[in-house]
Each structure stands twice: as C-alpha cells, then as structure tokens.
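Each chain is listed here by its residues.
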Amino acid sequence: QVQLVESGGGLVQAGGSLRLSCAASGRTLSNYAMGWFRQAPGKGREFVAAVPWTGANPYYADSVKGRFTISRDNAKNTMYLQMNSLKPEDTAVYYCAAEARRTYQRGSYYSTAAAYEYWGQGTHVTVSS
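Parameters and conventions
Residues numbered from 1 in each chain as written. Predicted model: local features only at pLDDT ≥ 70, side-chain atom pairs only at ≥ 80, totals over all residues. Heavy atoms only, no water. Helix = DSSP H or I, 4+ residues; strand = E, 2+ residues; numbered from the N terminus. Rg over C-alpha atoms; globule rule 2.2 N^0.38 Å. Buried < 20%, exposed > 50% of the residue type's maximum accessible area, 1.4 Å probe, protein only. Contact = heavy atoms within 4.5 Å. Pairing = 2+ DSSP bridges. Axes fitted to C-alpha atoms, helices over the stretch in contact; angles between N-to-C directions. Disulfide = S-S within 2.5 Å. Salt bridge = Lys/Arg side-chain N within 4 Å of Asp/Glu carboxyl O.

Engineer: Teacher, can you tell me more about the overall build of the protein here?
Structural biologist: Along its length, the protein carries 0 helices and 11 strands. Mapped in sequence order, the helices and strands of the protein form the string β-β-β-β-β-β-β-β-β-β-β. For the protein, the C-alpha radius of gyration of 14 Å lies close to 14 Å, the compact-globule estimate for 129 residues. C-alpha extents for the protein along the principal axes are approximately 40 × 25 × 25 Å. The buried share of the protein, taken over its 129 residues, is 47%. Long-range pairs, those at least 24 residues apart, make up 61% of the contacts in the protein between residues at least 6 apart in sequence.

Engineer: Before we go on, may I ask you to explain the sheet that holds strand β7 (residues 68–73) in this structure?
Structural biologist: Paired through their backbone hydrogen bonds, the strands of a sheet run either parallel or antiparallel. Ordered in space as β1-β3-β8-β7, the 4 strands form an open sheet in which the pairing is antiparallel. Two strands bound the open sheet, and with one partner strand each, they are β1 (3–7) and β7. Across this sheet, the average inter-strand angle for adjacent strands is 15°, counted without regard to direction. Sheet topology note: the strand β3 (residues 18–25)/strand β8 (residues 78–83) ladder contains 6 bridges and is antiparallel. Bridge pairing in β8 places L18 opposite M83.

Engineer: Would you take a moment to explain the state of the cysteines for this structure?
Structural biologist: Two cysteines, two sulfur atoms, one covalent bond between them: this is a disulfide. Within the structure shown, the criterion is met by 1 disulfide. Linked covalently through their sulfurs, C22 and C96 form a disulfide whose S-S length is 2.1 Å. Disulfide C22-C96: torsion about the S-S bond near 60°, hence right-handed. One end of the pair, C22, is in strand β3; the other, C96, is in strand β9 (residues 92–98), with 74 residues separating them in the sequence. Assigned by exposure class, C22 and C96 land together as buried.

Engineer: Quick question: what am I supposed to make of the pattern of salt bridges here?
Structural biologist: Opposite charge on two side chains allows them to pair when their charged atoms are near. By the definition in use, this model includes 4 salt bridges. Here E46 and R38 are joined by a salt bridge, their closest N and O atoms 3.0 Å apart. Looking at R38, the relative accessible area reads 5%, which means it is buried. A salt bridge links R67 to D90, with the shortest nitrogen-to-oxygen separation between them at 2.8 Å. Separated by 23 residues along the polypeptide, R67 in the loop between β6 (59–60) and β7 and D90 in the loop between β8 and β9 bring together distant segments of the chain. When its relative accessible area of 11% is taken as the criterion, R67 is described as buried. With a relative accessible area of 1%, D90 lands in the buried category.

Structure, rendered in structure tokens:
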C-alpha cells in the first residue's frame, strides 16, 4: 500500500500564496499519475490538477488554470501544488491522490476520482477576504 500525507495548508488572505506538499511512501511514484482534489463545505470533491507521469503535460481545472502549478520531485517522492492569487472560493480541504496501476492515459481521464486508488487525509486551506 501507498501512503500519502498532505501538508502546507493554512490561513491566507485573498491574493496570497500557499504551497501544498504530498509526501508518498511505500512506493516510488514517478511513473504513476498523481493529482490534487479539493472539497469545499457543502460541495462534492472537485478536481484541481494532475500530472499523469514524469514529463507528461499537467492538467488543470479551469477554475485554477493560470494560478496553480502542480509539480513533482521524484528524488523526494513528493508532489506539490503551488497556489497563487488565492481566492475565497479556493477555501476547501485539499487531497492528494495517486494511481495504484499505471494507465498512461492522457487528458481528462486524470481529472476523475476513479482514476486514483490512494488518497491522503487532506489539508485545510482557508482564504479570507
């Protein structure tokens, strides 16, 4: 089994920045898709960003495109989400996810929760106005 642990959440003013981290253990995930999802109060889990494998094009939800950047550090087996120009509507619990099997799909396939088997516990992000 793979364990994923998110960190880096907190409180920030609108327009500010945060960087979330997702540390993986149990397996090197450089060739497995990883992604970020979020869940705001009263809403379902929403796709944020994903990278299918090392070197693949990242994929972003329209709501965060141009503001958020997903990246992976294979040496540390860690995924990051750099969040800039934060808005109050970004307030949510953020979850990282990883594949259990390599699929080598592209595009919107990795925007669905069903693409992933491993999930972290979530980290809270609150953006105040």
